[in-house]
Amino acid sequence: MRKTQKGVVGIVAMASVVALALTGCARGGDGGGDGDGGGEAAASPGITDTSLTFGITSPLTGPTAGPGNCTVDGALAYFGVKNADGGIEFGDGKTRTIEIKSYDDTYDPQKALANFQQMVADDVFAAGIGLGTPTNRAWREAAIDEEFPQVLVMSGDPIFSDREESPWQLGFVPIYQQEGEAFGKLLASSSDEHKVAILYQNDDYGEGYVEGFKSAIEGADNIEVVEELTYEATDTSVDAQITELAASGADVFFNAMSITPLVISALQKAQQIGWLPSWFLPSNTSSPSAILEPGGGSAFPGIYTVAFSGAAASPAFQESEEGQAFMEALGEYTNQDGVPAFPHCVWSWIAASVLEQAFMKMEEPTREAFMEALLSIDGFDAPFMLEGSTINTTVDGLPAVADVQVQKYNGRGYETAQSFE
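Chains are numbered independently. Their residues run from 1 in the order of the written sequence. At least 70 in pLDDT is required for a residue's local features to be given in this predicted model, at least 80 for side-chain atom pairs to be given and counted, and no such filter applies to totals for whole chains, interfaces and linings, which use all residues. Side-chain numbers here rest on the full set of heavy atoms in the structure, without hydrogens or water.

## Remarks on the sheet that holds strand S7 (residues 150–153)
Right, so step 1: Taken in spatial order, the six strands of this open sheet run S4-S5-S3-S6-S7-S8, and their pairing is mixed. Looking at which strands have only one partner, the edges of the open sheet turn out to be strand S4 (88–89) and strand S8 (169–171).
Right, so step 2: Across two bridges, the pairing between S4 and strand S5 (residues 95–104) is antiparallel. Bridging across to S5, Glu-89 finds its partner in Thr-95.
Right, so step 3: Any two residues whose heavy atoms approach within 4.5 Å at even a single point are treated as in contact. To define axes, lines are fitted to C-alpha atoms, for helices over the stretch in contact only, and angles between the resulting N-to-C directions are given on a 0 to 180 degree scale. Per the convention used, a helix needs a DSSP run of H or I reaching at least four residues, while a strand needs a run of E reaching at least two, with both numbered from the N terminus. Running over the sheet, helix H1 (residues 65–84) touches strand S3 (51–58), S4 and S5 and is turned about 160° from S5.
Right, so step 4: Across the sheet, helix H2 (residues 109–121) lies against S3, S5 and strand S6 (126–128), angled at about 170° from S3, the strand it touches most. A strand pair is defined by DSSP finding two or more bridges across the two strands.

Take a look at the structure:
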């Protein structure tokens with residue numbers, strides 16, 4: 001096995017096509033031995049008696065490439081280890097290796113749709129784990145039409161976990177409303193009065209965070225939202241918005257942003273003009289090393305986020321047997337250099353372990369059997385989950401992970417926040 005090379009390939013922006021298995025890619029029913037003769041269901045495309053192909057479209061280049069690559073690399077490393085050990089025994093009794101094919105969408109919805117069309121042409125069995133709300137939404141309806149699993153999506157948009165609206169989908173991370181609500185509850189519990197300024201991405205991502213936050217502070221006499229602005233995911237600067245929000249006199253900044261460079265520049269701009277509120281940052285743009293350190297996060301009285309998993313940079317993670325195995329696998333099967341800066345590497349490792357659970361439960365080599373198995377996982381104690389949190393895919397309207405904890409930045413990493421200070 002060799003490390004992948006990150007780069008854009010082909011007119012559909014396919015990148016990092018990585019074969020973890022030595023076996024060939026399956027084509028529905030041919031060469032898989034799963035025909036009608038044995039009384040088994042005909043195999044779906046992308047699965048044979050010895051291998052299964054899983055696709056990931058994610059931003060591997062561009063401003064969100066850091067977390068985007070992590071959504072591939074965690075799964076790549078996880079299945080690299082499993083394949084080296086001989087593969088995974090599926091519910092039908094056959095042992096298969098897992099081939100990951102990754103495609104670069106640069107956080108562009110049209111490229112993500114083109115990548116899905118390429119996956120169909122490439123005989124990919126199922127796809128998911130990739131980062132992005134607009135990009136995953138871009139091919140959701142096409143996946144439904146194709147009856148193609150789009151699962152464990154790294155988007156908090158609740159539509160991916162609505163069984164009626166999205167019968168071939170499942171979200172992975174907590175929905176945005178849950179993250180926003182968790183911070184709103186913490187703030188509302190404060191004994192002090194607070195003025196809040198809000199800046200959010202002008203799409204379902206940002207709107208979901210704000211919806212959850214506002215629902216949690218409704219009726220709280222000590223909280224006042226004094227200013228609320230938006231930005232577009234394609235913007236290259238939010239300096240004007242930060243300047244206007246600073247003039248509001250807010251002591252709390254609810255900043256629902258998904259674009260890493262914009263978060264860094266927002267932190268820097270606020271300091272430049274002397275505005276030092278407490279911040280809320282979404283879980284996917286709150287990395288200490290990649291965002292808070294270059295942005296000067298220690299200058300603010302408090303930076304809060306939410307989490308559901310351990311952090312790869314924490315001493316406890318690094319010293320654990322599981323953490324060491326994770327780091328060794330990243331080093332062997334990916335181009336990650338040292339401790340990953342973004343939590344998505346850990347998240348995709350967890351997501352890969354959920355896929356393994358589904359594979360072990362599916363009794364036929366079909367997409368239908370896979371979805372049935374995936375949506376029946378309850379109480380799975382996945383690796384690296386915070387204490388008290390488990391995987392449950394059985395609840396309509398909720399993603400695989402539904403529990404979050406509010407955490408506060410301590411200058412190095414995060415600690416659980418018991419109160420707002």
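Next comes the rest of the write-up.
## Examining the nonpolar core
As a rule of thumb, nonpolar side chains are buried together in soluble globular proteins.
Right, so step 1: Residues grouped as a nonpolar core are buried Ala, Val, Leu, Ile, Met, Phe, Trp, Tyr and Cys residues, joined through side-chain atoms within 4.5 Å. Each residue is placed in one exposure class: buried if its accessible area under a 1.4 Å probe, protein chains only, is under 20% of its type's maximum, exposed if it is over 50%, and partly exposed if it falls in between. Leu-152, Phe-172, Phe-326, Phe-359, Phe-370 and Ile-391 are the most contacted members of the largest nonpolar core, which totals 90 residues.
Right, so step 2: For this core, the element with the most residues is helix H12 (residues 344–361), which contributes 11 residues.
Right, so step 3: If you look at the next biggest cluster of nonpolar residues, it comprises 24 residues, including Leu-186, Ile-217, Ala-220 and Ala-256.

## Here's the deal with the pairing of strand S11 (residues 252–256)
Right, so step 1: Most of S11 is tucked away: five of the five residues are buried.
Right, so step 2: Side-chain alternation along S11 places Val-252, Phe-254 and Ala-256 on one buried face and Phe-253 and Asn-255 on a second face that is also buried.
Right, so step 3: Direction of pairing for strand S9 (residues 194–201) relative to S11: parallel, over a ladder of five bridges. Looking at S11, one finds that Leu-199 is bridged to Asn-255.
Right, so step 4: In this fold, S11 hands off to helix H8 (residues 260–272), which returns the chain to strand S12 (residues 278–280); that crossover is right-handed. Looking down the strands as they point away from the viewer, one classifies a crossover as right-handed if the path from the first strand across the helix to the second runs clockwise.

## As for the pairing of strand S10 (residues 223–231)
Right, so step 1: Two strands pair when backbone bridges link them, and S9 and S10 are joined in this way by eight bridges, in the parallel orientation. For Lys-195, the partnering residue across the bridge sits in S10 and is Glu-224.
Right, so step 2: Following the backbone out of S9, through helix H6 (residues 204–217) and into the adjacent parallel S10, one traces a crossover that is right-handed.

## Observations concerning the side chain of Asp-157
Right, so step 1: In this structure, Asp-157 sits in the loop between S7 and S8.
Right, so step 2: Assessed through its relative accessible area of 5%, Asp-157 is described here as buried.
Right, so step 3: Polar side-chain contacts of Asp-157 include one of 3.0 Å to the backbone nitrogen of Ile-159.
Right, so step 4: Sequence-distant contacts of Asp-157, that is, excluding residues within four places in its chain, are made with Thr-133, Arg-137, Tyr-176 and Asp-204. What qualifies as a polar contact is a pair of N or O atoms within 3.5 Å, subject to a donor-acceptor requirement within protein and to the restriction that residues adjacent in sequence count only when both atoms come from side chains.

## Brief notes about the pattern of salt bridges
Right, so step 1: Whenever a carboxyl oxygen of Asp or Glu lies within 4 Å of a side-chain nitrogen of Lys or Arg, that contact is scored as a salt bridge. On inspection of all chains with the given rule, the structure shows nine salt bridges.
Right, so step 2: We note a salt bridge from Glu-356 to Lys-82, for which the minimum N-O separation is 3.3 Å. Taken together, the residues span a long stretch of sequence, with Glu-356 in helix H12 and Lys-82 in helix H1 at a distance of 274 residues.
Right, so step 3: What makes Glu-356 buried here is its relative accessible area of 9%.
Right, so step 4: Taking the shortest distance from any N to any O, the salt bridge between Asp-157 and Arg-137 comes out at 2.6 Å. Residue Asp-157 is located in the loop between S7 and S8, and its partner Arg-137 is located in helix H3 (residues 133–138); the two are separated by 20 residues in the primary sequence.
Right, so step 5: Bridged by salt links that share partners, the residues Arg-137, Asp-157 and Asp-204 form one connected network.

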